[in-house]
Amino acid sequence: MSVTTTASPVTATASSPLVRARLPRLAPAVAGVIAASAAGLVTLTLGAGLIAWAIVAVLLFSAVLPVWALVVEGRRAAADRLATSLVWTAFLIALVPLVSLLWTVLVKGAGAINSTFLTYSFYRTSMDQPVGIYHAIVGTLMITLFTAIISVPIGIMAAIYLVEYGAGSKIAATITFLVDVMTGIPSIVAGLFAYSLFALLFGAGFNAGIGGSVALSLLMIPIVVRSSEEMLRLVPDDLREAAYALGTPKWRTVVNVVLRTALGGIVTGVTLAIARVIGETAPLLLVAGLTARTNFNVFDGFMSTLPVLIYSQFRKGTEGDFAIAWGAALVLVVIVLILNVIARIVGKIFAPKTGH
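For the protein chain, an unreviewed UniProt entry supplies the name Phosphate transport system permease protein PstA and the organism Nocardioides daedukensis. Under the heading Function (unreviewed entry), UniProt records this for the protein chain: "Part of the binding-protein-dependent transport system for phosphate; probably responsible for the translocation of the substrate across the membrane."

Here it is in structure tokens:
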């Protein structure tokens, strides 16, 4: 006669190592309040300022929350809380100078912005005529436009060669090395190169907006190449193989499949590259120069830009010149902001559609 025993199911108990207590959801907020209060008490006692209070509060928060998690949740959870606190602290530290910069430019430049400031140039036909930065806005947009015309085709085609045609070759390795070297070229060196080039072609003393575009293109092309190259590498090889299986030539596969798939990321990279070079001063000061008139012809004559205008106004040192410089700086920041917003919108529009 056999005896059958039935094993009782294993139930999780409070003593099981797989089940541990958890801190409440508001624990970070509570720890933040405790840290801020304690930091305020310490700084008031020592007579320190707001910056010292923020530093002490961050240090206390980074200590209070992990210790609390160590007591309640255990060592691994405490390490996770500590890492999270450090990441958020680093993020806030990186955010402080950006917010401070934007706030300073907004406060000091907003007072100068009006319709006259944006529609008049420095060229006066009468002594009582107001001045504005219209000529610098036009010069910035024109030079940046021709910089993009020069840089975008060269950068994208170079990226296509590196990914689609020259992968693994010595030529591709050489191009990649040169692109990496060009990424670190100082802007003043690019300006000197453009100045020397046009001096050899058209004689000494040549100044035109196209020279600034050539100088800025030396700074923009490496960024376009690297960003486009990364976007093209993200295109799955399955799409290429499917096109080849249907008998599609390689060039048509690159144009209709690869580029179309990566178009959103490429446009975003190009726009960010434009935002990177639009604020350069040294190359434009050497080649494009500074003028009080509005010049629409990038191939002839001096052409003012916002960065050079800001530099020249700060050098003068009067209160009115400072106001113009801060207003021009705010306009330049707004232009860069608009470019970044356009990049995000275009990236979402041309992003590959995903389905389930």
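**A few points about the UniProt feature "transmembrane region" (unreviewed entry) in the protein chain**
Feature annotation in UniProt assigns "transmembrane region" (unreviewed entry) to the following positions: residues 26-44, 50-71, 83-113, 133-163, 175-198, 204-225, 257-278 and 323-343. Taken end to end, residues 257-278 is 95% helix and 0% strand, and its two terminal C-alpha atoms sit 32 Å from one another. The distance separating the terminal C-alpha atoms of residues 323-343 is 30 Å; by composition the span is 100% helix and 0% strand.

**Details of the packing of helix α5 (residues 134-165) against helix α8 (residues 209-233)**
Relative orientation of the contacting elements α5 and α8 amounts to 35 degrees, with a least axis distance of 6 Å. Relative to α8, the crossing made by α5 is right-handed. The residue inventory of the contact of α5 with α8, partitioned by class, reads 20 nonpolar, 8 polar and 2 charged.

**Quick word on the domain arrangement of the protein chain**
Domain annotation of the protein chain identifies domain 1 (26-111) and domain 2 (133-350). Distance from the C-alpha centre of domain 1 to the C-alpha centre of domain 2: 39 Å. Each partner contributes residues to the interface: domain 1 has 7 residues there, and domain 2 has 5 residues. A combined buried area of about 500 Å² lies between domain 1 and domain 2, and 87% of that area is made up of carbon and sulfur atoms. The largest share of the area that domain 1 buries against domain 2 comes from Val105, Lys108 and Gly109, three residues that together contribute 74% of it. For the pair domain 1 and domain 2, the number of links is 0 residue pairs in polar contact (both at pLDDT 80 or more). Its residues assigned to classes, the side of domain 1 that touches domain 2 comprises 4 nonpolar, 2 polar and 1 charged.

**Examining the packing of aromatic side chains**
Geometrically, a pair of aromatic rings is defined through the distance of the ring centres and the angle of the planes. Scanning the entire structure with this criterion turns up 7 aromatic pairs. Both rings, one in phenylalanine 146 and one in phenylalanine 299, keep their centres 5.6 Å apart while their planes meet at 90 degrees; by these two values the pair is edge-to-face. With phenylalanine 146 in helix α5 and phenylalanine 299 in the loop between α11 (282-287) and α12 (306-316), this pair connects stretches of sequence that are 153 residues apart. Look at phenylalanine 198 and phenylalanine 202: their rings are 6.0 Å apart centre to centre, the planes differ by 15 degrees, and that puts the pair in the stacked class. Here phenylalanine 198 and its partner phenylalanine 202 are both found in helix α7 (residues 187-202), 4 residues apart, which amounts to about one turn of the helix. Note on phenylalanine 198: relative accessible area 9%, which makes it buried. Residue class for phenylalanine 202 comes out exposed when judged on its relative accessible area of 55%. These aromatic residues form a ring-pair network of at least three members: Phe198, Phe202 and Phe206. Taking the ring centre of tyrosine 165 as reference, the NZ or CZ of lysine 250 above it sits at 5.2 Å. We note arginine 293 situated over the ring of tyrosine 123; from NZ or CZ to the ring centre the distance is 3.8 Å.

**A closer look at the pattern of salt bridges**
If you walk through the whole model with that rule in mind, you get 8 salt bridges. With a closest N to O distance of 3.7 Å, glutamate 73 and arginine 22 form a salt bridge. You can see glutamate 73 sitting in the loop between α2 (50-72) and α3 (75-109) and its partner arginine 22 sitting in the segment before α1 (27-46), a full 51 residues away along the chain. Assessed through its relative accessible area of 5%, glutamate 73 is described here as buried. A salt bridge links aspartate 180 to arginine 226; the shortest N-O distance between them is 3.7 Å. Of the two residues, aspartate 180 sits in helix α6 (residues 170-183) while arginine 226 sits in helix α8, which places them 46 residues apart along the sequence. A relative accessible area of 40% means that aspartate 180 is categorised as partly exposed. Look at the salt bridges and you will find they share partners, linking Asp180, Arg226, Glu229 and Arg233 into a network.

**Re the environment of serine 213**
Within the element layout of this structure, serine 213 appears in helix α8. On a C-alpha basis, the gap between serine 213 and tyrosine 123 in space is 24 Å, while along the polypeptide they are 90 residues apart. Aside from chain neighbours lying at most four places away, what touches serine 213 is Ile143, Phe146, Thr147 and Ile150.

**With respect to the UniProt feature "domain: ABC transmembrane type-1" (unreviewed entry) in the protein chain**
In the numbering adopted here, UniProt assigns the feature "domain: ABC transmembrane type-1" (unreviewed entry) to residues 137-343. The distance separating the terminal C-alpha atoms of residues 137-343 is 20 Å; by composition the span is 79% helix and 0% strand.

**What about the nonpolar core?**
The nonpolar side chains of a soluble globular protein tend to be buried, and buried together. Counting residues in hydrophobic clusters, the biggest one holds 48 residues, and the most contacted among them are Ile133, Met220, Leu232 and Leu306. At the level of elements, α5, α8, α10 (250-277), α12 and α13 (319-349) are the ones that each hand at least two residues to this core. The contact partners of methionine 220, leaving out residues within four places of it in the chain, are Thr147, Ala148, Ser151, Val152, Val270, Ala273, Ile274 and Val277. Counting 8 residues, the second largest nonpolar core, distinct from the first, contains Ala194, Phe198, Ile210 and Ala215.

What counts as what
Residues numbered from 1 in each chain as written. Predicted model: local features only at pLDDT ≥ 70, side-chain atom pairs only at ≥ 80, totals over all residues. Heavy atoms only, no water. UniProt positions renumbered as here; feature names shortened; annotations may be inferred. Helix = DSSP H or I, 4+ residues; strand = E, 2+ residues; numbered from the N terminus. Axes fitted to C-alpha atoms, helices over the stretch in contact; angles between N-to-C directions. Left-handed = near helix turned anticlockwise from the far one by under 90°. Nonpolar A, V, L, I, M, F, W, Y, C, P; charged D, E, K, R; others polar. Domains from an automatic or database assignment. Contact = heavy atoms within 4.5 Å. Buried area = accessible area lost by both parts, 1.4 Å probe. Polar contact = N/O pair within 3.5 Å; in protein donor to acceptor, adjacent residues only side chain to side chain. Phe/Tyr/Trp six-rings, centres within 6.5 Å; stacked < 30°, edge-to-face > 60°. Buried < 20%, exposed > 50% of the residue type's maximum accessible area, 1.4 Å probe, protein only. Lys NZ or Arg CZ within 6 Å of the ring centre and 35° of its normal. Salt bridge = Lys/Arg side-chain N within 4 Å of Asp/Glu carboxyl O. Core = buried A, V, L, I, M, F, W, Y, C linked by side-chain atoms within 4.5 Å.

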